[in-house]
Amino acid sequence: MGELVIRATVNGAPRRWTVAPGDLLLDVLRREGYWGVKNGCETGECGACAVLLDGEPVNSCLVFAAQADGRRIETVEGVAAGDRLDPVQEAFLDHGGVQCGYCTPAMILVTRALLARTPRPTEDEVREALSGVFCRCTGFKKPVEAVLAAAARLADARPAAPPAGRKPARKAAAR
Amino acid sequence: MSGASPPSPPSRRAVVGRRVRKVDGFKLVTGRTAFTDDIALPGLLVGRILASPHAHARIRDIDTRRAKALPGVHAVLTWKDVPRVPHTTAGQAWPEPSPYDTYLLDSKVRFVGDRVAAVAAETRAVAEEALRLIEVDWEVLPPVLDMEHAMDPGTAVIHDEPDATGIRDAARNLAGDIHTHIGDVEAGFRESDLILEREYRTPRQQHAMLEPHIVICWLDADNRLVIRTSTQIPFHVRRQVAMILRIPVSRIRVIKPRIGGGFGGKQEMVLEDLCAALTLASGRPVKLEYSRHEEFFMARTRHPQILRLRMGVKRDGTIVAHHMRVLAATGAYGSHCTTVQGNTGSKVLPLYRAPHLRFDCDVVYLTTPQAGAFRGYGCPQGYFAQESLVDEIAHELGMDPIAFRLKNAIRQGDVDELSAQLGEGKKGLPRTIRSCGLPECLEKGAAAIGWKEQRNGGVRRPGRLLRGVGVATTMQGSGIAGVDFAGAFLKANEDGSFNLQVGATDLGTGSDTVLAQIAAETLGVSLDKILIYSSDTDFTPFDVGAYASSTTIISGGAVKKAAEKVRDDMCCFAAQLLDAPPEDLVCRDNRVFAPGGKSVSMAEVAVHALYKEKTQVMEGASHFNTDSPPPFCATFAEVEVDTETGRVRPVHLVTAVDLGVAINPMQAEGQAEGAVAQGLGYALAEELVLDGRGRPANANFCDYKIFTAKDMPKLTTILVETEEPLGPFGAKSIAEVGINGVAPAVANAAFDATGLRFRRLPIRPDAVLAALGGRR
Ligand code: FES
Ligand code: FES
C-alpha cells in the first residue's frame, strides 16, 4: 500500500507524518503521542475522539489522516499553556465537570470551539454543542455549569469584547 | 496518644465536607497519559477474539493451522491449548458465591459473542485475517432465549459440562434460586383489606462506560506477568488469573491505571485471562480490547427480570404483607447471579417495615449475553416494581404517595431482619438503621419538584401534552457487611507530605479524592500534602475493589485508621521538639500545636524523625464493617407525555439523598446526577435487543440510545446529611442509590399525567401510544 507524507500543524507546531491512505486521524494522533484523543467507539457515534480541525470540532475517527494534510489540528494537549490551565479546564475542575475523564478532552475542545464562536452561550446552546460528546458519568449538569462558568470567566477577562450575543443556537457539535 | 483528642466538629473541618477539586483532575483535563491504552510498548501485539456466531453450539473440531501459518501471527489459542479450570468471572471476595461454570476457552459456546478462539498478531488487520482463517466444524444446538421457558422439560441444557460447580440445577438451566421469608405472608394477606398483585418486566441494560474493556499484558524483566487493566477489582483479577492459568499469584502484578468508567461492568474479569494467556503463549506484550460493538454484547449487561409482586395493606395504609417473586436471566454464565438477585430482595423489601415478607427467586441460564454487576446491583429492577406497586396502592386507597411511604418506611433504630437471611450467597447479618434521613429527603424533594402544585392526579385530561409528577423512595447499602474489607498504607516524607497507598479503585467516581480528603483531615494537613496512589497489586495493600458502594466507608475507614496511627506517630516525634506530652498535641494546618500555642511544622517533625531518629513514620491499617448502613433516596420526576407521538419526556428530576456526611459534596452530587442519567436511559430508552437467534440487534450507539446533554432534563440534587456512626466522619455512600428510583418515579409521573400504568421498561413511545389508544 502506498504511503503518504502529510504536513499538519498540531497545537501550533508543524508536524510531518508518513501515513497509509486508510489511516484514521484518531489512530495517527494517538500513535504520534497525542494520547488525549480518546477512542470510545471508532464509528463516529460518541465524540470521545473529537479534535478541532481548523477550529471546528470533528470526530477524528471519521477523518482520514490524509484529510488533515495542510490543516490546523488542536488537541487537548495544546489547551493549557505549560502548567497553566486554560479557564475552560479550570472551570471543569472547579465545577465537578470531570468524573472518569474519558470524555473530558473532547468536552474541553468542543467548549473551546463553542466559546470562540459564541462567547456568551445560553444553556441551550451549551447543551447543543456538548450533545455530540457522550458522557456516561456526569449527567451533564456539571459540565454544562462548567462551560457557562468558563464563558463568564473569559468574558470578564476581556471586557473589550462586544456585548454578549443571545442568538439562537447554531449547529455546532462534534458530529 | 493524641488519638484521644475528640473529633473535630463538622464546622471546623478543613478538608472533609469541602467541594475540592479532584486530586487527579490535572492529568484528565490536560490529556496526560493516564488510561490503560495510553502507553507505547515496543513489540506490542494486538489480540482479537473469534466470537461465536451461534447462540448455542458445540465445536466438533477447530482447525487453526492456516491462521497460525499467516505471517505476523504469534499465537492462536483454542480450548485445546489452555488449561480447563472452571471458574467465575465475577469479581467477588473468595470464595465467590457465583457458580464456577466458565472456562478460559471451551469446546461449547453459549451465546452469540462467546469466545471460540483468540489470536495475537502484529497488527489488528493481521489478527482479523487470522480469525477468518480459523475453520470451525459446528454442531449447532437449539438456542434458549426465553426466560419463561428456560426450565421447561425438554429444553436444551446449557451447562451440560460435568466439571462445573455451584450450579443449582444444571439439567433445568437453573443457575441459582433464593427462597426466604420473615413472618407468614399468607397470614398477612388474610389480615389485609386490600391486596394488589402486579407483574413488571425490566430489560437488558448495557453499562456503556465510555472506555470499553481493555487490557495490556507483558512479561517483565523478571519474567513476571504484568496485567495493566481497566478494572474495578485488581486483587480479584490477580487471584482469578493465577487460578485459571495455573501460575502462582506471586508471578502476577496487576496495575490499575485510570479507568474510563465501570458501573459494575468492570467488577468482572472480562479479558484479563485471555490476554494473559496470549502473552504467555507469544512471549510478547499483547493488547486485548473490545470494540464498542463487541462491548455491547460480549461484556456484561444488567440482569433482565420478570417480577411478580403481591402486597397486602390495611385500609389506613399500613403494609401488612409483601411477596416478591422474581424470575431473572443470567445469560450464558452465572456471574453475580444469586448475589444480584439476592439484593433485589434484601435491599428492596425491607424499605417498608411489613411484618410479613417473602422473597422467591429463580435465576435461569439463557443462551444470551452474560449479565453481571451493574450500578444498583439488582435494586433498580426491584425498586421499579416495588415503587410502582406502592404508588398504585396509595392511589387505590386515596392516600398521598408520600404520606403512604412515610407511614411504612423503615426508620432509625429499626432492625432489618431480612438482610440477615439474605447475605451474599450465604446467611448475612441483620441490618440496624443507625441513621436515616428519608423523611427529610421526601420533604425537601417534594418542595423542589413542586409536588402539591404539579400533581395532576392520575386522570387523563384533554390536550396533546400531559404533565405529571411521581416519586419513588429507595435505599442501597454501603459495602457488603462482613465481607468487604480494605487496607491502606501511609508514610511521611520530609517536606510534610504523605504517600497514601490504597488498593481501592477509583473508576471515575472520585474515590482517590475522597480518600485523600479523609487522610488530610485526619492528619491535619492540606489536601496537596497527600499523594495518593491507588491499585497496583505489587505496591498497594489489598482491597476487595470498587463495588457495592463500599469505597468511602470501607476503604475510607482503613485510610482513617492508618492516618490516625501516623498522626499519633508524628505527635510522638513532635513531642520531643515541643517538649510537651504527645497526647496534648493537636495537628492542624500542616503543623503540630502544643497547648500553649507553640508549634512545629509537619515537615520539621518528619525531618526530625527521619534524619535524627532514623525512623520512617509509616503505618498501615485494615478495615471492615459487620453492617452495611443504607443511604436513602427520594427521587421525584416531572414528565410530559406527548399523546401524538407517545414520547415520555422527562422535564425535571429531583434527587434528595441521605448519604451520611458528604466527604466531597461536589463529587457526591455528580454521582447522583450521573446515576439519574443512567436511570433515565433505563426508564425510557435503553435495551439490548436480541433477534430470534440470539443475535444483538442494536449493538451500537445509534440504535442503543443513551441520554446526551440535549436529552437530559433539569436536575436538582439535594444532599441530606446524617451522621452515620459506622462511617468515616459520618459518611455512608452515594454511588449507586441514585439510580434505583428514577424508573419508578418516571413511571409514576407518567401515570399521574395519563392515568396509565407502565409496568415494562423501557417505556417506549409504541407502548405509550398503544396504551393511550386503548383508552380512546
Ligand atoms: S471514537 Fe466515538 S466518535 Fe470517534
Ligand atoms: S466523565 Fe466519564 S464519560 Fe464523561
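Residues numbered from 1 in each chain as written. Chains lettered and ligands numbered in written order. Predicted model: local features only at pLDDT ≥ 70, side-chain atom pairs only at ≥ 80, totals over all residues. Heavy atoms only, no water.

Student: What is the right way to read the overall build of chain A from this model?
Tutor: Within chain A one finds five helices and five strands. Order of helices (α) and strands (β) in chain A, N terminus to C terminus: β-β-α-β-β-β-α-α-α-α. Here chain A holds 175 residues, and 57% of them are scored as buried. With an accessible surface of roughly 7,000 Å², chain A has 51% of that area assigned to carbon and sulfur atoms. (Helix = DSSP H or I, 4+ residues; strand = E, 2+ residues; numbered from the N terminus. Buried < 20%, exposed > 50% of the residue type's maximum accessible area, 1.4 Å probe, protein only. Areas by Shrake-Rupley, 256 points an atom, 1.4 Å probe, with all protein chains shown as cover.)

Student: Sorry, what's going on with the overall build of chain B here?
Tutor: Counting secondary structure elements, chain B contains 20 helices and 28 strands. In terms of its C-alpha atoms, chain B occupies a principal-axis envelope of roughly 85 × 75 × 45 Å. Across the 776 residues that make up chain B, the buried fraction comes to 65%. The contacts of chain B with a sequence gap of at least 6 include a subset with a gap of at least 24, amounting to 81%. As displayed, chain B has an accessible area near 25,400 Å², and 51% of this comes from carbon and sulfur atoms. Counting 90 positive and 93 negative side-chain charges, chain B places the centres of these two groups 2 Å from one another. (Contact = heavy atoms within 4.5 Å. Lys, Arg positive; Asp, Glu negative; His and termini not counted. Charge placed at Lys NZ, Arg CZ, Asp CG, Glu CD.)

Student: What is the right way to read the domain arrangement of chain A from this model?
Tutor: Accessible area lost upon the coming together of the parts is a frequently used measure of interface size. Residues and elements named next belong to chain A. For chain A, the domain assignment lists domain 1 (4–78) and domain 2 (87–157). Using C-alpha coordinates to define each centre, domain 1 is positioned 21 Å away from domain 2. Taken residue by residue, the interface counts 17 residues in domain 1 and 13 residues in domain 2. Interface area, domain 1 with domain 2, both sides summed: about 1,200 Å², of which 63% is carbon and sulfur. In terms of surface lost to domain 2, no three residues of domain 1 exceed Lys38, Cys46 and Val76, which account for 33% of the buried area on that side. (Domains from an automatic or database assignment. Buried area = accessible area lost by both parts, 1.4 Å probe.)

Student: Help me understand the sheet that holds strand 2 (residues 57–63) of chain B, please; the structure alone is not making it clear to me.
Tutor: Picture the strands of a sheet paired through backbone hydrogen bonds; they go either parallel or antiparallel. Residue and element names in this part refer to chain B. Ordered in space as 4-2-6, the three strands form an open sheet in which the pairing is antiparallel. The open sheet has two free edges, formed respectively by strand 4 (108–109) and strand 6 (135–140), since each of these has just one partner strand. As defined by bridge partners, strand 2 adjoins strand 4 across two bridges and the pair is classed as antiparallel. Each bridged residue has a counterpart across the sheet, and for Ala57 the counterpart in strand 4 is Val109. (Pairing = 2+ DSSP bridges.)

Student: Teacher, can you tell me more about the interface of chain A and chain B here?
Tutor: Between chain A and chain B, the residue contacts involve 45 residues of the former and 53 residues of the latter. Buried surface at the junction of chain A and chain B, both sides included, amounts to about 3,900 Å², of which 59% is carbon and sulfur. Taken as a group, Trp35, Phe134 and Arg136 of chain A account for 21% of the area that chain A buries against chain B, more than any other trio of residues on that side. In this assembly, chain A and chain B are joined by eleven salt bridges. Glu669 of chain B is paired through a salt bridge with Lys142 of chain A; the nearest N and O atoms lie 2.7 Å apart. Connecting chain A to chain B are 20 residue pairs in polar contact (both at pLDDT 80 or more). Elements supplying a minimum of two residues to the side of chain A that touches chain B: helix 2 (87–94), helix 3 (104–117), helix 4 (123–130) and helix 5 (141–157) of chain A. Of the residues forming the side of chain A that touches chain B, the biggest block, five residues, is contributed by helix 2 of chain A. Here the side of chain A that touches chain B is built from residues that sort into 19 nonpolar, 13 polar and 13 charged. (Salt bridge = Lys/Arg side-chain N within 4 Å of Asp/Glu carboxyl O. Polar contact = N/O pair within 3.5 Å; in protein donor to acceptor, adjacent residues only side chain to side chain. Nonpolar A, V, L, I, M, F, W, Y, C, P; charged D, E, K, R; others polar.)

Student: So what exactly am I meant to see when it comes to helix 16 (residues 602–612) of chain B here?
Tutor: A turn of α-helix holds 3.6 residues, and therefore any two residues three or four places apart point the same way. All names here are of chain B. Residues Met602, Val605, Ala606, His608 and Ala609 constitute the buried set of helix 16. Projected down its long axis, helix 16 shows its buried positions confined to an angular sector of 160°, all on one face. Taken together, the buried residues of helix 16 touch strand 20 (498–502), helix 14 (511–523), helix 15 (551–578), strand 22 (586–588), strand 23 (591–593) and strand 24 (599–601). In the stretch just after helix 16, Lys614 is the one whose phi turns positive, near 55°. (Arc of directions from axis to C-beta.)

Student: Explain the pairing of strand 3 (residues 73–77) of chain B here, please?
Tutor: Taken residue by residue, a regular strand's side chains alternate between the two faces of the sheet. Residues and elements named next belong to chain B. Most of strand 3 sits inside the fold, with four of its five residues counted as buried. Two elements, strand 3 and strand 5 (residues 115–121), share four bridges in a ladder whose sense is antiparallel. Within strand 5, the residue paired with Val76 across the bridge is Val119.

Student: How do you make sense of the side chain of Ser346 of chain B when you look at a structure like this?
Tutor: Residue and element names in this part refer to chain B. Here Ser346 lies in helix 8 (residues 337–346). Residue classification places Ser346 among the buried residues on the basis of a relative accessible area of 3%. If near-sequence neighbours (up to four positions away) are discounted, Ser346 is found in contact with Asp416, Leu418, Ser419, Leu422 and Arg431.

Student: What am I meant to see in the packing of helix 9 (residues 379–397) of chain B against helix 10 (residues 401–408) of chain B here?
Tutor: Helix-helix packing is described using two parameters, namely the angle between the two axes and the distance between the axes. Residue and element names in this part refer to chain B. Relative orientation of the contacting elements helix 9 and helix 10 amounts to 110°, with a least axis distance of 9 Å. Classified by the interaxial angle, the pair formed by helix 9 and helix 10 is roughly perpendicular. Where helix 9 crosses over helix 10, the two elements pack in a sense that is right-handed. In this structure, helix 9 contributes Glu387, Val390, Asp391, Ile393, Ala394 and Leu397 to the contact, and helix 10 contributes Pro401, Phe404 and Arg405. A class-by-class count of the residues in the contact of helix 9 with helix 10 yields six nonpolar, no polar and three charged. (Axes fitted to C-alpha atoms, helices over the stretch in contact; angles between N-to-C directions. Parallel < 35°, antiparallel > 145°, perpendicular 65-115°, else oblique. Left-handed = near helix turned anticlockwise from the far one by under 90°.)

Student: Could you clarify how one ought to interpret the nonpolar core in this entry?
Tutor: A general tendency of soluble globular proteins is for nonpolar side chains to be buried together. Within the largest apolar cluster, 195 residues are counted, with the highest numbers of intra-cluster contacts made by Phe92 of chain A together with Val241, Phe636, Leu680 and Val746 of chain B. When sequence neighbours within four positions are dropped, the list of residues in contact with Leu680 of chain B reads Pro650, Leu653, Ala685, Phe707, Met712, Pro713, Val742 and Val746 of chain B. One finds Leu500, Ala504, Ala516 and Met602 of chain B within the second-largest nonpolar core, a separate group that totals 49 residues. (Core = buried A, V, L, I, M, F, W, Y, C linked by side-chain atoms within 4.5 Å.)

Student: Which parts of the structure should I look at to understand the packing of aromatic side chains?
Tutor: Two aromatic rings are characterised by how far apart their centres lie and by the angle between their planes. All names here are of chain B. Tallied over the full model, the rule gives eight aromatic pairs over all chains. Measuring from ring centre to ring centre gives 5.5 Å for Phe296 and Phe701, while their planes differ by 80°; the resulting arrangement is edge-to-face. Taken together, the residues span a long stretch of sequence, with Phe296 in helix 7 (residues 292–298) and Phe701 in the loop between helix 17 (665–684) and strand 28 (714–721) at a distance of 405 residues. Accessibility classification places Phe296 together with Phe701 in one group, the buried group. (Phe/Tyr/Trp six-rings, centres within 6.5 Å; stacked < 30°, edge-to-face > 60°.)

Student: When you look at the packing of helix 15 of chain B against helix 16 of chain B in this model, what are you seeing that I'm missing?
Tutor: Residue and element names in this part refer to chain B. Packing of helix 15 against helix 16 leaves a shortest axis separation of 9 Å and a crossing angle of 90°. Classed by the angle they form, the pair helix 15 and helix 16 counts as roughly perpendicular. Contact with helix 15, carried on its side by Met570, Phe573, Ala574, Gln576 and Leu577, involves Met602, Glu604, Val605, Ala606, His608 and Ala609 of helix 16 and no other residues of that element. Across the contact of helix 15 with helix 16, the residue classes break down as eight nonpolar, two polar and one charged.

Student: Quick question: what am I supposed to make of helix 2 of chain A here?
Tutor: Burial in helix 2 of chain A covers these residues: Val88, Gln89, Ala91, Phe92 and Leu93 of chain A. Against helix 3 and helix 5 of chain A together with helix 1 (25–30) and helix 17 of chain B lie the buried residues of helix 2 of chain A. Regarding helix 2 of chain A, its N-cap is Asp86 of chain A, as a side-chain oxygen of that residue lies 2.8 Å from the backbone nitrogen of Val88 of chain A further along.

Student: Help me understand the confidence of the model for chain A in this model?
Tutor: In low-pLDDT regions, the fine details of the predicted coordinates are not to be read closely. Per-chain confidence: chain A averages 91 in pLDDT, with 90% of residues scoring 70 or above. With pLDDT under 50 throughout, residues 163–175 of chain A is counted as low confidence; its partners more than four residues away or in other chains account for 25 contacts. (pLDDT = per-residue confidence, 0-100.)

Student: Help me understand the pairing of strand 14 (residues 319–331) of chain B, please; the structure alone is not making it clear to me.
Tutor: Residue and element names in this part refer to chain B. Burial within strand 14 is extensive, with twelve of its 13 residues counted as buried. Note that strand 13 (residues 305–313) and strand 14 share nine bridges and pair antiparallel. For Leu307, the partnering residue across the bridge sits in strand 14 and is Val326. Counting the residues between successive antiparallel strands, the hairpin from strand 13 to strand 14 contains five residues, one of them, Gly317, with a positive phi of roughly 95°. What joins strand 14 to strand 15 (residues 356–365) is helix 8, and the crossover it makes is right-handed. (Right-handed = clockwise from strand over helix to strand, strands pointing away.)

Student: Got a minute to help me understand the domain arrangement of chain B in this structure?
Tutor: All names here are of chain B. On domain assignment, one finds that chain B holds domain 1 (10–34 + 485–624), domain 2 (45–141 + 212–259 + 266–298) and domain 3 (378–477 + 628–775). Taking the mean C-alpha position of each, domain 1 and domain 3 sit 37 Å from one another. Buried surface at the junction of domain 1 and domain 3, both sides included, amounts to about 1,700 Å², of which 59% is carbon and sulfur. Area buried by domain 1 at its contact with domain 3 is led by Arg19, Ser549 and Ile553, which between them contribute 37% of it. For the pair domain 1 and domain 3, the interface holds one salt bridge. The salt bridge partner of Glu669 is Arg19, with a shortest N-O separation of 2.9 Å.

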